[in-house]
Amino acid sequence: MAVVPGTAHKRVPFIAGNWKMNLDHLQSIAFVQKLAWSLKDARHDFGSAEVAVFPPFTDLRSVQTLISADKLELAFGAQDLSAHDSGAYTGEISGAFLKALDCQYVIIGHSERRTLHNETDEVVAAKVAAALRHGLVPVICVGETAEDLEKHGASAVPVAQLRAALAGVTGAVDIVVAYEPVWAIGSGQAATPDQAEQVAAKLRETLVEILGDDVAAATRVLYGGSVKAANIASFMREPNVDGALVGGASLDLDEFASISRFHKHVGT
Ligand SMILES: O=C[C@H](O)COP(=O)(O)O
């Protein structure tokens with residue numbers, strides 16, 4: 001299969017820690033330093049699994065400085081961005097500013113933003129477009145509520161949300177898709193690996209339809225929702241699950257380092 005521009009990752013497994021509104025900039029420095037040491041001590045192969053943290057906006061400059069000064073192999077991104085590039089949008093953060101801080105990634109459409117900040121599918125699509133405009137890789141979150149699951153089954157809402165998020169997007173784009181069933185987030189009740197795989201496969205089919213075979217084959221689809229060191233290996237065994245978006249467990253250094261080294265659990 002020819003590798004098309006924008007598909008450089010070729011689905012290297014991706015472990016992403018979404019800190020949500022936790023850890024200030026001083027705590028972020030200590031955490032990232034310890035995480036890097038812990039993975040280095042364990043001889044983590046960053047080529048076989050990319051590890052990224054998603055701190056609050058106020059931490060990003062500190063994380064950038066540390067990663068660049070110490071040449072750490074960790075990636076980082078923001079938890080949101082504005083759909084606008086600049087102007088009178090008090091409190092918002094432009095993708096241009098994130099790019100200037102060397103962010104590679106930005107989470108878009110997390111269910112907490114959809115619910116707590118009334119982000120509609122249209123807003124999510126505008127943010128995806130903004131991320132791509134600024135050379136950031138959007139980590140597009142989709143997922144059904146418990147009610148959606150009961151009414152429509154698992155994949156209908158995530159697939160519809162992905163279609164909406166990609167409105168107007170074509171060609172060789174670098175994106176990541178995170179399937180996060182809302183009922184599994186922070187609940188301690190993760191989806192089963194089989195449930196995650198079924199939805200991930202549907203999401204990949206949707207990517208094929210919208211972006212074509214090559215881009216779909218190179219796009220990473222993550223599972224998120226109560227991922228822990230104890231269950232990561234079971235998700236990573238699924239053919240369409242390429243990593244995890246981790247919330248609570250990404251704040252526990254040993255746990256997150258262990259999730260990042262999921263290979264050691266495979267086959268156990
Ligand atoms: O962005 C991460 C997700 O919301 C998952 O959170 P969780 O691992 O605490 O369930």
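Residues numbered from 1 in each chain as written. Predicted model: local features only at pLDDT ≥ 70, side-chain atom pairs only at ≥ 80, totals over all residues. Heavy atoms only, no water.

Draft legend 1. Representation of the site of the ligand in the model. Around the ligand sit 13 residues in total, of which K20, H110, G186, S226 and G248 are the nearest. Contacts to the ligand include N18, whose side-chain N or O atom sits 2.9 Å from an oxygen atom. Contact between the ligand and E180: an oxygen atom at 3.4 Å from a side-chain N or O atom of the residue. Starting from 310 Å² of accessible surface for the ligand in isolation, the protein chains cover 95%. In terms of residue class, the shell around the ligand is built from 4 nonpolar, 7 polar and 2 charged. (Near = heavy atom within 4 Å. Polar contact = N/O pair within 3.5 Å; in protein donor to acceptor, adjacent residues only side chain to side chain. Areas by Shrake-Rupley, 256 points an atom, 1.4 Å probe, with all protein chains shown as cover. Nonpolar A, V, L, I, M, F, W, Y, C, P; charged D, E, K, R; others polar.)

Draft legend 2. Representation of the pairing of strand 6 (residues 176-179). With burial as the criterion, each face of strand 6 is covered, one bearing V176 and A178 and the other bearing V177 and Y179. Two elements, strand 5 (residues 137-142) and strand 6, share 4 bridges in a ladder whose sense is parallel. Note that in strand 6 the partner of I140 across the bridge is V177. Pairing of strand 6 with strand 7 (residues 220-224), which is carried by 4 bridges, proceeds in the parallel orientation. In the sheet register, V177 faces strand 7, and the bridge partner there is V221. (Buried < 20%, exposed > 50% of the residue type's maximum accessible area, 1.4 Å probe, protein only. Helix = DSSP H or I, 4+ residues; strand = E, 2+ residues; numbered from the N terminus. Pairing = 2+ DSSP bridges.)

Draft legend 3. Spatial organisation of the domain arrangement of the protein chain. As far as domains go, the protein chain holds domain 1 (11-79) and domain 2 (85-237). For domain 1 versus domain 2, the distance between C-alpha centres works out to 20 Å. Counting from both sides, the interface comprises 19 residues of domain 1 and, opposite them, 24 residues of domain 2. Area buried by domain 1 at its contact with domain 2 is led by R11, F14 and F76, which between them contribute 34% of it. At the junction of domain 1 with domain 2, the criterion picks out 2 salt bridges. Across the pair R220 and E50 runs a salt bridge, and its minimum N-O distance is 2.9 Å. Summed over the shared surface of domain 1 and domain 2, the number is 10 residue pairs in polar contact (both at pLDDT 80 or more). Class assignment for the residues of the side of domain 1 that touches domain 2 results in 11 nonpolar, 4 polar and 4 charged. (Domains from an automatic or database assignment. Contact = heavy atoms within 4.5 Å. Buried area = accessible area lost by both parts, 1.4 Å probe. Salt bridge = Lys/Arg side-chain N within 4 Å of Asp/Glu carboxyl O.)

Draft legend 4. Region of the structure containing the pattern of salt bridges. Here the structure, examined in full by the defined rule, presents 12 salt bridges. One salt bridge connects D121 with R114, and the closest N-O pair in it is separated by 3.0 Å. Under the relative-accessibility criterion, D121 is labelled partly exposed at 28%. Linked by salt bridges that have partners in common, D80, R113, E119 and K127 make up one network.

Draft legend 5. Structural view of the UniProt feature "binding site: substrate" (unreviewed entry) in the protein chain. Mapped onto the present numbering, the UniProt feature "binding site: substrate" (unreviewed entry) falls on N18, W19, K20, G186, S226, G247 and G248. A maximum C-alpha distance of 14.1 Å places the annotated residues, which cover 231 residues in sequence, within one compact spot. Looking at the secondary structure, you find G186 in the loop between strand 6 and helix 8 (193-211). Within the element layout of this structure, S226 appears in the loop between strand 7 and helix 10 (229-236). Not counting residues up to four positions away in its chain, the partners in contact with S226 are A184, G186, S187, G188, Q189, A190 and N231. Polar side-chain contacts of S226 include one of 2.6 Å to the backbone oxygen of A184. (UniProt positions renumbered as here; feature names shortened; annotations may be inferred.)

Draft legend 6. How the structure looks around the sheet that holds strand 8 (residues 243-246). Spatial ordering of the closed barrel is given by 1-2-3-4-5-6-7-8, a layout of 8 strands whose pairing is parallel. Strand-to-strand, the axes of this sheet are offset by a mean angle of 25°, without reference to chain direction. Most of the contacts of helix 2 (residues 60-69) go to strand 3 (residues 75-78), to which it runs at about 165°, and overall it touches strand 2 (50-54) and strand 3. Its contacts with the sheet put helix 7 (residues 156-165) on strand 5 and strand 6, and the angle it makes with strand 5 is roughly 150°. (Axes fitted to C-alpha atoms, helices over the stretch in contact; angles between N-to-C directions.)

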